[in-house]
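Okay, here's what each chain looks like letter by letter:
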Amino acid sequence: MKPSSFVYHRPTTIEEALDLLAEIGSDGKVLAGGQSLVPLMSMRLAAPAHLVDVNRIDGLAGIQTDVDGVRVGATARHADVEHHEAAYAAVPLLRQAVKHVAHPTIRNRGTTVGSLAHADPSGEMTAVLALLGGTVTLRRRGGERRLAAGEFFVGPLESAVGPGELAVEAFFPRSAPRSGTAWAEVSRRHGDYAVCGVGAVVTLGEDRRVGAAKVGLISVGPTPVVVDVTDAIVGQSADAVEAERAGRLVMDTVDPDADIHATAEYRRHLAGTLAARALTEAAARASERAA
Amino acid sequence: MTDVHELALTVNGVPRTLRVPARRLLSDALRHDLGLTGTHVGCEHGVCGACTVLVDGRPVRSCLLFAVSVDGSSVTTVEGCCEPDGSLGPVQQAFWDCHGLQCGFCTPGFVTTITAYLDENPEPTAEEAREAIAGNLCRCTGYQNIVASVLRAAEIRREARV
Amino acid sequence: MSTRTMGEPIARREDPRLLSGQGHYLDDIGHTALAAAFVRSPHAHAQIVDIDVTDALDVDGLMAIYTHDDLPDRLAEPLPLLIPHPSLTHGRTPYALAKDEVNHVGEAIVMVVAADRYLAEDACDRIRVEYEVLPPVVGIAAAREASRLVHEDVPGNIAATMVQENGDAAAALAASPRVLELDLEVERSASTPLEGKGVYARWDPADASLRVYSSTQASTSVRAALAAKLGLPPNRVEVVAPDVGGGFGVKIVHPWPEEVLVSWAAITLSREVKWTEDRREHFVSSAHERSQVHHVRVGFDDDGHLLGLEVSFWHDNGAYTPYGIIVPIVTATQLLGPYKPAAYRVEFQSLYTNTVLVTPYRGAGRPQGCFVMERVMDAIAAELGFDRAEVRERNFIQPDEMPYDHGLIFQDGRPLIYDSGDYPATLRKLKKLVGWDEFGVYREQARAEGRRVGIGIACYVEGTGVGPYEGGWVKVETDGSVVVATGLTTQGQGHQTAFAQVAADILGVQLDRVSVVTGDTRRFGYAVGTFASRALVMSGNAIAAAARKVRDKALRIAGDALEADPRDLEIIDGVVQVRGVPTSAIPLSTVAVLSNPLRYAFDTESARATQFALPADPDKPPVPEGEQPGLEATGYYSPPRATFANGMHAVVVETDPDTAEIRIVRYCVVHDCGTLVNPRIVEGQVHGGVAQGVGGALYERMVYDDDGQLLNASFMDFLMPYSTEVPTIETDHLETPSPLNPLGIKGAGEAGVIPGMAVFASAISDAEGFPITRMPISPSELFHLRRAHEEATNR
């Protein structure tokens, strides 16, 4: 399983990269982590004529935390996101979810922004972005645009990154004060793609009761699914959330496919069960933080 | 389309140069261009971990890297996990003590992974040890003695520090 | 007395080399060889209409392209059918390169040879094959229904039908107070060693000789097959198994198309040629196993005694049958386990499907047989409300009934006669280890907490050490080192250590003076191979026989030199001495020198053996009548029958009431493989087998769609367990030595995997309260079984 030939480019500045991408157009692909792209190329399911290796570009690997949230640069590795203390303090869901991405060795090289651009329906970080209302910044020669998750994730393995464009940064906003988050996932083996994965954000009112709640799911549709479940658990005490109704609401909303690992019915059932678990845990965390 | 790239990297502490096409996987470059056949290829899609090497100290799948991507980097393979005099390093010694290998094909990937892991977590519990190796496949051992090898390696390292 | 190493958990001598990255697996050698790659069928069943290689001719570094049309005479014929059997009335084997038709996705059609693998794959990419796609036969149901055929000349897709019986099962069932019927199924899986297959061939035109390195389990047989196929004299062909990264059965069938073709290309091109299988190739062009469907009728009395057992099963043998029907024969015979049904009838059909061929995978049909028998025992227990261990115990063959003749023919063509074993003792140990009798209380407590826990048990008997024979050669060199060779092969079983232990103990030398070579026809020419848990039994005993001869000769020669009776001599740490008189001694190195009377000395030691150095009887020849020079000997071991090991496993599982995930709480093994040469190596083998058992019960299945496409041809979707999926394995063992061989050894290689599916089915059933009849089982499947059970009970 060896890849076909390609022309290899290794720009050192972003301008150089954007110029290259503009010339190459759809004849090429960006090489960041490569953990998804290289196996596809080795299996010759992808055979780009050009590869633009962006790993040497200054300024793309950073993780910045500010009052708004966390900005993750294009070549920041999943492992960097996972271990970044300031990012964890600002947006704990990043670590809670990213540690379910494959195995540590893959996370050492794979990039979070890259996984968003890859848009795998089972990619944990896609649901994190969608759930938190984050954005992805795309640059091309002569321009830039920023897309919200709903516009960014187009279909299975299809993002809105167009020819000549480079995803340079993903922004994950902080949740409202008195919020807690959690991630719950079932996979066949440790580190496998999730059969179903759910992130939850629960925000409490000043009375320490649930004020708002949302979940974001992977592996239940072509793109990540976000469900506002506020009505199903609003007003409940944060330390004793009964999330069954919320779980059923999620089950009624999602429409998963079957594959060789699980039926659609089982996935739907998991969506409900895991949503309930994640909501309960998120609420408990919100309660701790508010304490 | 013969694009050949000149690369300079450090492999097991030794400066090496390579002249390879861009599509040359790091696993193949190590094995065939540099003659370091200790790194093995089990799947070429990043799942089995037999090809794991350390790049700038971090475990990565060499089958998912093009050699050109590690130009200028420092790479450590299983051969580099030996002591300078060629004797077994602590992780290798631990595997020997604990019967942590049978056919030996997956072993290099475990050795590099565990070597890096113990640098970060020198005193793992049995559960942590089992999780630390959860990204590498072995078909022969059932993992039990590999988990024991992680703990034994921690012990050997601890004894060496004393 | 020398330090005894037999029975000791000696650290393996092969490890330092392998650990420092100095292994020599197939792809590690032959750096200057050309690389072969193949165009393989993307269709499960098709006629080949045309092959157009035009576009491939431009590829840089291309050396040659071959199709079936290019193959000479014997190479153009189908590959051999290795194990014929009278019941295999419609055996079929593939061509080395597909001739007009392809019968599974992955079948090789074109071989490309180029400067390296990258370029070879480039060339393959540009070769256009035109097919007329035919409807494929996928799965046992479709094969049985036979509205379409895999091979036009094989009616009903039936390769073989076979019946074996002991007693009149039908009558016994008719007369039984109670009868149960079960329908069971095992899905397809595979060995998937971490290293795929590989072949590296070198032709020497100067003396017209061929050397082939192959990642094989049977180098001597590969040699014979290659010599036959290539029209070469056998003594001009050598086959060497280098370090092999696991086999588990998939490397036993031979010759692979690639072994024949790569060798032939090396001769034709007069260049070294190498082929290393990649992972996708391994999934679609090596071999699978396990897939069977069973129907059972069992008659029993109110005490749970087996009165009659009728088993019918259908075995999916894939597109071809080069290995014959060994796997279903093993299922049919080993199904009986440690039990003695009063009457037994088994019938199977081995069926063709348009899928990868089926050859043995560790267990080789026993896991399926064990699954069937153990589900039957659980079903009887459930029916009668008895303890599951109790029902089994009532049906055990007792130690005093050994040897026990089942009245059937085993896979070696010999009667199925258990020689030894103490099943009640094994069960006692297992129950104690897992806490069988106390589990009920724990289960109830868990239930009260809303948790589901269950315990399972499974028993198996394994015929090991099948013949026809193995051989061993032992030589003491003039420096006192000992070299040992045997023809069978090694894939991680520690032969360099275990065989050395045998030789070292018998000869009385230090272990580190003994080196062992396996799987190299240059070093030992007669062998069968490593499979069926036979290596230590067969080669261990053969090496022991050779070592004994060497020892006897050494004592004779030393006796002459020391003027002592050989019966008064012993060998300690490589020195022959008169018992109790350590000053009257002669090192084995000197004995070796003396054993070879020389005209020419090449060093001080050898000078001692030259014609003027020693007093000699002028009327006796320097090499006595009937003897040979050198302190070396060859021995063979050829048993009349297999020797039967046994074991029992117990597992505790907890299933999640919501997600149906299955968690392994405890896994216990008690096994009996007779005398242990190296307990650590045996335990390692058990661990590995258990991990494959876990895989086969909970994770691993090959998924074919209706078009015959293998949907999970990668490690991403074929789920081999990681460390987090395999439990800590608690082991205890018994040793009932084999009466059939001098060392008392029984095989252990497959022990760990055999009861895997059975024991998990038993435990999950116990946790859930309904029977599990199909393996493997995933959480999704368990979820649906729960639903079905709830609906059934609510009606």
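Keep in mind that what you see is a predicted model, and the values were worked out from it rather than measured.

Peer 1: Lay out the overall build of chain A in plain terms, naming residues and giving numbers.
Peer 2: A tally of helices and strands in chain A yields 12 helices and 14 strands. Taking the principal axes of its C-alpha atoms as reference, chain A extends roughly 60 × 45 × 30 Å. A total of 291 residues make up chain A; the buried ones form 61% of that total. For chain A, restricting intrachain contacts to residue pairs at least 6 apart in sequence, the fraction spanning at least 24 positions comes to 65%.

Peer 1: I'd like a description of the overall build of chain C, backed by residues and values.
Peer 2: When helices and strands are tallied, chain C shows 20 helices and 29 strands. Over its C-alpha trace chain C gives a radius of gyration of 28 Å, about what one expects of a compact globule, namely 28 Å for 795 residues. Referenced to the eigenvectors of the C-alpha coordinate spread, the extents of chain C come out at roughly 100 × 70 × 50 Å. Each of the 795 residues in chain C was classed as buried or not, and the buried ones make up 59%. Nonlocal contacts in chain C, meaning residues at least 24 apart in sequence, comprise 81% of its contacts between residues at least 6 apart.

Peer 1: How would you explain the interface of chain A and chain C if you had to name every residue and give the values?
Peer 2: Listed per partner, the contact involves 17 residues of chain A and 25 residues of chain C. Ranked by the residues each element gives to the side of chain A that touches chain C, the list is headed by helix 12 (residues 264–290) of chain A, at 4 residues. Class assignment of the residues belonging to the side of chain A that touches chain C gives a composition of 7 nonpolar, 6 polar and 4 charged.

Peer 1: Before we move on, could you go through the domain arrangement of chain A and cite the residues and values that matter?
Peer 2: All names here are of chain A. Domain boundaries in chain A define domain 1 (7–53), domain 2 (63–173) and domain 3 (179–290). One C-alpha centre belongs to domain 1, the other to domain 2, and the line joining them spans 19 Å. On the side of domain 2, 16 residues touch domain 1, which itself brings 13 residues to the contact. In terms of residue count, the dominant contributor to the side of domain 1 that touches domain 2 is helix 1 (residues 14–24) (5 residues). Looking at the side of domain 1 that touches domain 2, its residues break down into 6 nonpolar, 6 polar and 1 charged.

Peer 1: Outline the domain arrangement of chain C, supporting the account with residue identities and numerical values.
Peer 2: All names here are of chain C. Here the domain parsing of chain C yields domain 1 (32–134 + 197–244 + 251–285), domain 2 (384–464 + 640–794) and domain 3 (468–637). For domain 1 and domain 3, the distance between their C-alpha centres works out to 41 Å. In this assembly, 13 residues from domain 1 lie in contact with 14 residues from domain 3. For the side of domain 1 that touches domain 3, the secondary structure elements donating two or more residues are helix 6 (219–230) and strand 11 (237–240). Here the side of domain 1 that touches domain 3 takes 4 residues from helix 6, the largest share from any one element. Here the side of domain 1 that touches domain 3 is composed, by residue class, of 6 nonpolar, 5 polar and 2 charged.

Peer 1: Kindly report on the sheet that holds strand 15 (residues 344–351) of chain C, identifying the contributing residues and their values.
Peer 2: Sheets are built from strands paired through backbone hydrogen bonds, the pairs being either parallel or antiparallel. All names here are of chain C. Sheet architecture is open: 6 strands sit in the order 7-15-14-13-8-29, paired in mixed fashion. Of all strands in the sheet, those bounded by a partner on one side alone are strand 7 (158–166) and strand 29 (774–775). As defined by bridge partners, strand 14 (residues 306–316) adjoins strand 15 across 8 bridges and the pair is classed as parallel. Of the residues in strand 15, the one forming a bridge with Leu-309 is Tyr-344.

What counts and how
- Residues numbered from 1 in each chain as written.
- Chains lettered and ligands numbered in written order.
- Predicted model: local features only at pLDDT ≥ 70, side-chain atom pairs only at ≥ 80, totals over all residues.
- Helix = DSSP H or I, 4+ residues; strand = E, 2+ residues; numbered from the N terminus.
- Buried ≥ 20, exposed ≤ 12 C-beta atoms within 10 Å, placed from the backbone.
- Contact = placed C-beta atoms within 7 Å.
- Rg over C-alpha atoms; globule rule 2.2 N^0.38 Å.
- Nonpolar A, V, L, I, M, F, W, Y, C, P; charged D, E, K, R; others polar.
- Domains from an automatic or database assignment.
- Pairing = 2+ DSSP bridges.

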